[in-house]
Amino acid sequence: MHALASRLRRLPPSCGPVRLVGVDGHAGSGKSTFAGQLAEALGGAPVLHLDDIASHDELFGWTGRLLREVITPLGRGETARYAPYDWHTRRFGPSRHLPPAPVVLVEGVGAGRRALRPHLACLLWMELPREESWARGRSRDGVEQREFWEEWVLAEQRHFAEDPSRPFADALVRQWRQGYEITDGAAVTPGPDHDITHGDGPAAMC
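Residues numbered from 1 in each chain as written. Predicted model: local features only at pLDDT ≥ 70, side-chain atom pairs only at ≥ 80, totals over all residues. Heavy atoms only, no water.

Trainee: In this structure, what is going on with the pattern of salt bridges? I would like to understand it.
Mentor: Oppositely charged side chains are able to pair whenever their charged atoms sit close together. In total, this model carries eight salt bridges according to the counting rule given. For E78, the salt bridge is made with R76, and the minimal N-O distance between the two is 3.2 Å. Since its relative accessible area comes to 37%, E78 is described here as partly exposed. Of the charged contacts in the structure, one is a salt bridge between D163 and R117, with a shortest N-O distance of 3.8 Å. On the criterion of sequence distance, the pair formed by D163 in the loop between α5 (146-162) and β9 (171-175) and R117 in the loop between β7 (103-107) and β8 (122-126) is long-range, its members being 46 residues apart. Residue class for D163 comes out buried when judged on its relative accessible area of 10%. Beyond isolated ion pairs, a larger network of salt bridges with shared partners links E127, R166, R174 and E181. (Salt bridge = Lys/Arg side-chain N within 4 Å of Asp/Glu carboxyl O. Buried < 20%, exposed > 50% of the residue type's maximum accessible area, 1.4 Å probe, protein only. Helix = DSSP H or I, 4+ residues; strand = E, 2+ residues; numbered from the N terminus.)

Trainee: Please explain the state of the cysteines as it appears in this structure.
Mentor: Applying the stated rule across the entire model yields zero disulfides. Cysteine C15 is unpaired, with the sulfur of C122 as its nearest cysteine sulfur at 15 Å. (Disulfide = S-S within 2.5 Å.)

Shown next as structure tokens:
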């Protein structure tokens, strides 16, 4: 994890002064947990959770708002301000700030979407099959979210059919009992300096 963090810090900025790093994958694949650990390895890098951008009315139709409220100000070296969505009250809450830190993580389903990729310094994909990911997500959210998950699965399938992320990932992340394995994604040409890692070993280049 620390090796990956070190490599991310050395990447050229991709969004103004910011190295924007996307963490994408199916719902339930462990994106939030991984992004939290990576943010810690980066010394407390800010994390934008796309669950705060999406809503019941716009499960995936939030591109314009993300570009306007987050990407554009970060690209100018300014602090972004966005209103996070509350999935229980179905309302957007008070504004939050997202500073133009050297590295900012964007995690969530759709973080590697077509409209966002030009602004990313690196795209990481959580390599877990969708059925296994969804099973984990359903178990996490409980029976009260069963109806929502039925709607979500169909929406996610449509999204990735129209705008896939995995073929454009710079690195694939697999979670093991202890640590992560990080390998080159389809967007990277394998070479001698692209290693496989378990835990804190050398990570794939973005």
